[in-house]
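Residue-level structure breakdown
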Amino acid sequence: MTVPIARVAIAAPLHSLFDYLIPAHGDVPVGARVRVSFGRTRAIGVVTAIVGESGCPVDRLKPIEAVLDREPLLQSHDLDFLTWVAGYYHHPVGEVIATALPLRLRKAEVALAPGGTGWRLTALGLVRLGALPARAPRQAEVLAWLGGRPDAEASLAELRAALPDNAAAIRALRDKGWIEQTTLDARADRMTVAPEGLQLNDEQADALASLQTDLGGFSVSLLDGVTGSGKTEVYLQLAAAVLEAGHSVLVLVPEISLTPQLLQRFRERLGATVRVMHSGLSDSEREQTWHRLRLGLSQVLLGTRSSIFTPIRGLGLVLVDEEHDPSFKQMEGFRYSARDLAIVRAQRAGCPVVLGSATPSLETLRNAQAGRYRHLRLDRRAGGALSPAVDLLDIRDQPLQSGMSQLLLDRVSAALAQGAQVILFLNRRGYSPVLSCFSCGWLSDCPRCDARQTLHKSSGLLWCHHCGAQRRVPLTCPDCGAEDLHPLGQGTEQLEDFLAQHFAEYPLIRVDRDATARKGSLDRLLDRLHKADAALLVGTQMLAKGHHFPRVTLVGVLDADGGLYSADFRATERMAQLLVQVAGRAGRGDRPGRVLIQTRYPDHPLLQTLVRKGYRAFAQQALLERQAASMPPYSHQALLRADATRLESAQAFLDQVAGWARQQDVAGVELWGPVPAPMARRAGRHRVHLLIQADRRDALHGLLQQLPAHAADMPTAKRVRWSLDVDPLDLY
Ligand SMILES: [Zn+2]
Ligand SMILES: [Zn+2]
């Protein structure tokens, strides 16, 4: 007699599922969560299948302790997708499935109701509708808006979409007793697709028309549009068509806090059905959003990379904005690429996926050129704005003040005098990347990494950007005691100091991770800029992402050289993408823009091609170089990383894995290493790498299939931490 057995995925670093007995009178839906005993503890897991036989003897199986969900949270197609993902990345399936659940559902037994909380008018508030508070216009606005809603109530998301920035007004109204918090029934967001889109130019219209013919089936398109060419309008009109057909849309974006304008446009056009998922939400907000998408109560999810795992009812379109952005790749733990998975997910859902970028990744361009993706181009800026003119500024032999040459300073003065706004781009935060003693040559090395600690003057700290180690800035040299410490090189903090003195009469805004650490501060900074006339904006790559600055006519890049001679073969591609994205901030209004790039290598061939002929010519040349060197996308890689407190332990482990891998003798697979990582010590641990490369993906995966199990069994594995990174984006 066979006994029904539940196969359960549990978040544990083990490449297997676990079997449990089903209680006699229990109904155990596949895709529901269960509580089970696991080792010496209890765990929450997800039932992935009901089977008749187990690899274990039945009398050794334990029963499920409790079934936590009456309905499945994950459908069988969600589970199939996640299982495929675990197989592709050779990552434990239990951890992959746990990643798909909101954090709260991984710990709490009772799932939240999808309706969520909202606000409604009290009896007192209803009375006040007749006499709105004239001296508090914000409060009056909220009162009037709620009063116009069915039952005078709305969810938080609806309220935020309709009236952003109203938190203070809501608190005031609550304190007066005019509104109160309420639990809402789970009901679908009302469809509010604003039909009137912007007028499309011919290129946009053609792109939209071809994308529309794809709806209803799987296809991959690259929407390759120069900055300012109006990709967002194409996304919006395509998404509206999908919603009108009754389907849902997943929009993946690099970082929500950096793309407030994109979110705002989606909300304005598609209404409250647009939900967001990002790290700034509370656990309950995330869970409620997750349920709403799963149940089809909301139909648009705009989110960062982990949103790729959100179950979405009736998925009809996947959009990946800024597909080249490295933040789509999870760099630790379960290392997946949300951009790559977007294609797999769309294929399984039978719907189109659109990858949009002004600077497509070389991987995506290669796929488009090989005919695997449709290549749609938008070469003209929407609204007739001119493309900026880009020039290289040779700074060899030029005296620099805080990184600025005299010529760049003169251009900035001239632009400000004409009432324009100026962006100065320096991709290094802090005051200076190293502090040095001029008497003895001491440098501010991080005690735990092969790296320097950055000087942060305003907080008085030396701070390692790799491991986070901090110490007070010493007044005298720690080695020789001399009072001869000097910052070397520039960061945004120093540039800001310098510019504040030099251009004291103009507003100056700094945008980097330190300046925008507090929630909402980026919005406030950008708001200041939008209200100002002539102004200076200093910042890191945060500036490059999707913001629209119509009054910026000059962009100065202080240092383009970091990416030119790096050990990482992707560094030039990154540098080119960043330069083009930053340059794209110039001249988006009716005034033409100008971009000046300071460099000590004005003759570098890739930099020359980029500046003279543009990103596409650059990408073509870079692809030829990759092909000649058999680098991705012309080969496939996996990186096995190991670290340990002793270098020998990490080395011995990877030697053993490499020995095993060589024995397998898989045709077409090459092993490079083990070698010390480019940053050989980080956070006090020694790091060693083994790079595995193959010209065919199936050959690579043939070897990887067996690798984790064998590696885990190596006698040397106990002394190391190790991880496998399939399709690594950085080799650090
Ligand atoms: Zn010294
Ligand atoms: Zn460090």
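So, here's what we can say about the structure. What you are looking at is a predicted structure, and each value in this text was computed from that prediction instead of being measured.

Looking at the coordination of the zinc ion (ligand 1)
At 2.3 to 2.4 Å from the zinc ion (ligand 1) lie its protein donor atoms, namely Cys437 (SG), Cys440 (SG), Cys477 (SG) and Cys480 (SG). Coordination at the zinc ion (ligand 1) is tetrahedral: its four donor atoms span angles of 107 to 113° at the metal. Each donor residue of the zinc ion (ligand 1) lies on the same chain, and together they follow the pattern C-x2-C-x36-C-x2-C. We classify Cys440 as partly exposed; its relative accessible area is 38%.

A word on the sheet that holds strand S28 (residues 669–682)
With respect to topology, four strands assemble into an open sheet ordered S28-S29-S27-S30, the strand pairing being antiparallel. Each edge of the open sheet carries a strand with a single partner, namely S28 and strand S30 (721–726). Strand after strand, the sheet turns through a mean of 20° between neighbouring axes, direction not considered. Contacts from helix H20 (residues 647–664) reach strand S27 (636–644), S28, strand S29 (685–694) and S30 within the one sheet, and its direction differs from that of S29 by about 15°. The strands touched by helix H21 (residues 697–713) are S27, S28, S29 and S30; relative to S30, the strand with the most contacts, the crossing angle is about 165°.

Here's the deal with the pairing of strand S6 (residues 117–121)
Pairing of S6 with strand S8 (residues 179–183) involves five bridges; the strand directions are antiparallel. Of the residues in S8, the one forming a bridge with Thr117 is Thr183. Here S6 runs beside strand S7 (residues 153–155); their pairing, made up of three bridges, is antiparallel. Across the sheet, residue Arg120 finds its bridge partner in S7, namely Glu153.

Examining the nonpolar core
A general tendency of soluble globular proteins is for nonpolar side chains to be buried together. One finds Ile308, Phe309, Val318, Val353, Phe653 and Ile692 to be the most contacted residues of the largest nonpolar core, which totals 114 residues. Those residues in contact with Ile692 that lie beyond four places of it in its chain are His636, Gln637, Ala638, Val669, Glu670, Leu671, Leu700, Leu703, Leu704 and Leu707.

A closer look at the layout of surface pockets
Size it by volume and the second largest pocket reaches roughly 980 Å³. What lines the second largest pocket is a set of 40 residues, and nearest its centre among them are Arg339, Asp340, Glu363, Asn367 and Arg697. Elements supplying a minimum of two residues to the lining of the second largest pocket: helix H1 (76–89), helix H12 (338–349), helix H13 (362–369), helix H17 (571–583) and S27. With five residues, the single largest contributor to the lining of the second largest pocket is H12. Per-class residue counts for the lining of the second largest pocket are 16 nonpolar, nine polar and 15 charged.

Rules used throughout
Residues numbered from 1 in each chain as written. Chains lettered and ligands numbered in written order. Predicted model: local features only at pLDDT ≥ 70, side-chain atom pairs only at ≥ 80, totals over all residues. Heavy atoms only, no water. Donors = N, O, S within 2.8 Å, 3.2 Å for Na, K, Ca; no water. Tetrahedral: all angles 85-135°; square planar, octahedral: opposite > 155°, others 65-115°. Buried < 20%, exposed > 50% of the residue type's maximum accessible area, 1.4 Å probe, protein only. Pairing = 2+ DSSP bridges. Helix = DSSP H or I, 4+ residues; strand = E, 2+ residues; numbered from the N terminus. Axes fitted to C-alpha atoms, helices over the stretch in contact; angles between N-to-C directions. Contact = heavy atoms within 4.5 Å. Core = buried A, V, L, I, M, F, W, Y, C linked by side-chain atoms within 4.5 Å. 1 Å grid on protein atoms, 1.4 Å probe; cavity = no way out; pocket = protein on both sides within 12 Å on 5 of 7 lines; lining within 4 Å. Points joined across faces, edges and corners; volume = space filled by probe spheres on them. Nonpolar A, V, L, I, M, F, W, Y, C, P; charged D, E, K, R; others polar.

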